[in-house]
Amino acid sequence: MDLRIFTEPQQGATYDTLLTVAKATEDLGFDAFFRSDHYLRMGSSDGLPGPTDAWITLAGLARETKRIRLGTLMTAGTFRLPGVLAIQVAQVDQMSGGRVELGLGAGWFEDEHKAYGIPFPKEKFARLEEQLEIVTGLWGTEVGQTFSHDGKHYQLTDSPALPKPAQAKVPVLIGGHGATRTPRLAAQFADEFNIPFASVEDSERQFGRVRAAAEQAGRKGDDLVYSSALVVCVGKDDAEVARRAAAIGRDVDELKANGLAGSPAEVVDKIGRYEAIGASRVYLQCLDLADLDHLEIISSQVQSQLS
């Protein structure tokens, strides 16, 4: 079971804060550092000092870390043109020595688009499908050959399809709860399917849909990695769990029901339930980025029991 640290910097974090968390992620033996791709805070947070850009952040971290994988859950398809995104991700992959993964989604948070003047198209899913075709097509085009795409939303003519990532294939993550279109896209393009903030039962149902779609597309269901993203709140005793829950404005019972919360033993048991339905990777949504002791207890008392 891979444990990955997943952050939400739009809630309020500087690059230096993210760097500190990323270095702790590496030092404590976690598999990867991932971040969201948002420009506006959610809920009651003040969001200070303001948003950081996902791919600029990852470019910096690529040069200041050595081992951990780096990526997004999920890059918003509304934020960047697919040709530009392919260049950005390829460059960050080169900068990291081949440690980047691309989670790509349609984009959903309309308010952040309004706040920063970003178009919010109605046909987001159709655009996402074309974006996936373009990004993977550009990377997969042999050096010396060109790539063209004549779609409804995007047109590329004789692109040199450069630069190339350092990896022969950058892993692509697709995720979500959609019952039909999402599994179909995952079957066509994804190396990993992620379901965020879902119960064991709902996750099992969605994993089954993706497996079925993969088999219909001529792939084996096990060709994909299956993963979950869940908020985490671990403490050595009830008081510490309650303190950490209060720090992120959440109720302990709610966190235990909908996330990974409680003692290390409780969290290990809950992760085991996700493992039993096919998840081999969990993204731990850490919301209090100042609490590095939280990462330490997860590493020493949760991850150590899963390795």
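Note that the structure is predicted; figures quoted are calculated from it, not measured.

Reading the values: the criteria
- Residues numbered from 1 in each chain as written.
- Predicted model: local features only at pLDDT ≥ 70, side-chain atom pairs only at ≥ 80, totals over all residues.
- Heavy atoms only, no water.
- Helix = DSSP H or I, 4+ residues; strand = E, 2+ residues; numbered from the N terminus.
- Rg over C-alpha atoms; globule rule 2.2 N^0.38 Å.
- Buried < 20%, exposed > 50% of the residue type's maximum accessible area, 1.4 Å probe, protein only.
- Contact = heavy atoms within 4.5 Å.
- Pairing = 2+ DSSP bridges.
- Right-handed = clockwise from strand over helix to strand, strands pointing away.
- Polar contact = N/O pair within 3.5 Å; in protein donor to acceptor, adjacent residues only side chain to side chain.
- 1 Å grid on protein atoms, 1.4 Å probe; cavity = no way out; pocket = protein on both sides within 12 Å on 5 of 7 lines; lining within 4 Å.
- Points joined across faces, edges and corners; volume = space filled by probe spheres on them.
- Nonpolar A, V, L, I, M, F, W, Y, C, P; charged D, E, K, R; others polar.

Draft legend 1. Summary view of the overall build of the protein chain. In terms of regular secondary structure, the protein chain is built from 11 helices and 12 strands. Whereas a compact globule of 307 residues would reach a radius of gyration of roughly 19 Å, the protein chain reaches 19 Å, a difference of no more than 12%. Seen through its principal axes, the protein chain has C-alpha atoms that stretch 60 × 45 × 35 Å. The proportion of buried residues among the 307 residues of the protein chain is 54%. Contacts in the protein chain between residues far apart in sequence, at least 24 positions, make up 72% of those at least 6 positions apart.

Draft legend 2. Representation of the pairing of strand S7 (residues 155-159). As judged from the 3 bridges shared by strand S6 (residues 147-150) and S7, these two strands associate in the antiparallel manner. Residue Phe147 lies in a different strand from S7, and its bridge partner there is Ser159. Counting the residues in the hairpin turn of S6 and S7 gives 4 residues.

Draft legend 3. Just the pairing of strand S9 (residues 192-196), in detail. For S9, the tally of buried residues reaches 4 of 5 residues, placing the bulk of the element in the interior. Bridging between strand S8 (residues 172-175) and S9 involves 3 bridges; their strand directions are parallel. Directly across from Ile174, in S9, lies its bridge partner Phe193. With helix H6 (residues 181-189) bridging S8 and the parallel S9, this β-α-β connection has right-handed handedness. Two strands pair when backbone bridges link them, and S9 and strand S10 (residues 225-234) are joined in this way by 5 bridges, in the parallel orientation. Within the sheet, the bridge partner assigned to Pro196 lies in S10 and is Ala229. In this fold, the crossover linking S9 to S10 by way of helix H7 (residues 200-216) has right-handed handedness.

Draft legend 4. Molecular detail of unusual backbone geometry. The step from Leu48 to Pro49 runs through a cis peptide bond, and the omega angle for that step is 10°. Along the chain, the position of Pro49 falls in the loop between strand S2 (32-35) and helix H2 (54-64). Following Leu162, the chain continues into Pro163 via a peptide bond in cis, with omega recorded as 0°. Phi is positive for Ala161, which is not a glycine, with a value near 55°. According to the relative accessible area criterion, Ala161 is buried, its value standing at 3%. Here the phi dihedral of Phe197 falls at roughly 55°; this positive angle occurs in a residue that is not glycine. Mapped onto the fold, Phe197 is located in the loop between S9 and H7. Classification of Phe197 as partly exposed rests on a relative accessible area of 42%.

Draft legend 5. The side chain of Gln131, seen in detail. Along the polypeptide, Gln131 turns up in helix H5 (residues 124-140). At 2.5 Å, the side chain of Gln131 and the backbone oxygen of Gly77 are in polar contact. Among all residues touching Gln131, those that are not within four sequence positions of it are Gly77, Arg80, Pro82, Leu104 and Tyr154.

Draft legend 6. Expanded view of empty space enclosed by the protein. Within this structure, the stated rule accounts for 2 cavities of 30 Å³ or more. Considering only enclosed or pocket space, the largest cavity measures out at about 70 Å³ in volume. When the residues that make up the lining of the largest cavity are grouped by side-chain class, the tally is 6 nonpolar, 2 polar and 3 charged. The element best represented in the lining of the second largest cavity is helix H11 (residues 292-306), accounting for 3 residues. For the lining of the second largest cavity, the class distribution of residues is 6 nonpolar, 1 polar and 2 charged.

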